[in-house]
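Fold and geometry: a report
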Amino acid sequence: MPSEGTWVYVVNLRRVYWGRRTRRAIRAVRMVREFVKRHTKADEVVIDNELNNYIWSRSREKPPARVKIIVSIREEEPEEGGERIRKAVVRLAGRKLRPGRYKG
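This section reports on the structure supplied with the text. (Residues numbered from 1 in each chain as written. Predicted model: local features only at pLDDT ≥ 70, side-chain atom pairs only at ≥ 80, totals over all residues. Heavy atoms only, no water.)

Regarding the pattern of salt bridges
Summed over all chains, the structure comprises 4 salt bridges. Two residues, Glu-61 and Arg-21, come together in a salt bridge whose shortest N-O distance is 3.5 Å. Of this pair, Glu-61 sits in the loop between helix H2 (49-56) and strand E3 (66-76) while Arg-21 sits in the loop between strand E1 (5-12) and helix H1 (24-40); the two residues are 40 residues apart in sequence, bridging distant segments of the chain. In this structure, the salt-bridge partner of Glu-75 is Arg-86, at a minimum N-O distance of 3.0 Å. Of this pair, Glu-75 sits in strand E3 while Arg-86 is found in strand E4 (residues 85-92), placing the two residues 11 residues apart along the sequence. (Salt bridge = Lys/Arg side-chain N within 4 Å of Asp/Glu carboxyl O. Helix = DSSP H or I, 4+ residues; strand = E, 2+ residues; numbered from the N terminus.)

So, the sheet that holds E3
Sheet architecture is open: 5 strands sit in the order E2-E4-E3-E1-E5, paired in mixed fashion. Whereas interior strands pair on both sides, the edge strands pair on one side only; in this sheet they are strand E2 (44-47) and strand E5 (100-101). Relative to E5, E1 runs antiparallel, the two being bridged by 2 bridges. Bridge pairing in E5 places Val-8 opposite Gly-100. The strands touched by H1 are E1, E2, E3 and E4; relative to E1, the strand with the most contacts, the crossing angle is about 135 degrees. Seen against the sheet, H2 touches E2, E3 and E4 and runs at an angle of roughly 50 degrees to E4. (Pairing = 2+ DSSP bridges. Contact = heavy atoms within 4.5 Å. Axes fitted to C-alpha atoms, helices over the stretch in contact; angles between N-to-C directions.)

Focus: the packing of aromatic side chains
All chains considered together, the criterion is met by 1 aromatic pair. When the centroid spacing of 5.5 Å and the interplanar angle of 80 degrees are considered together, the rings of Tyr-9 and Phe-35 count as edge-to-face. Placement of Tyr-9 in strand E1 and of Phe-35 in helix H1 is noted, with a sequence separation of 26 residues between them. (Phe/Tyr/Trp six-rings, centres within 6.5 Å; stacked < 30°, edge-to-face > 60°.)

Section: the packing of H1 against H2
Close contact between H1 and H2 brings their axes to 9 Å; oriented N to C, the two are set at 140 degrees. In terms of orientation, H1 lies oblique with respect to H2. Classified by chirality, the crossing of H2 by H1 is right-handed. In contact with Ala-25, Ile-26, Ala-28, Val-29 and Val-32 of H1, H2 contributes Leu-51, Asn-52, Ile-55 and Trp-56. (Parallel < 35°, antiparallel > 145°, perpendicular 65-115°, else oblique. Left-handed = near helix turned anticlockwise from the far one by under 90°.)

The following block contains the structure:
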């Protein structure tokens, strides 16, 4: 489980092609969210608008087969003084980045 920091992942979205055509992009966004939650143990996942637009760019029936993402993980304290919230911000990565820890 990555601690606070930034990581690069490649998410395989080919499994969304097994489902109905009209729900593929919706399922792809959900798969990215679940992938990040599973790999970072985050309580909350925020998907950047640029990544969302990339998944939806070829309509709802033909999302990309895989997507390279950058995940920034932060732990935030709520204002009321409750438990710390682990938050992951997901954005689209460049083509030249390799999977693993990102120092940039």
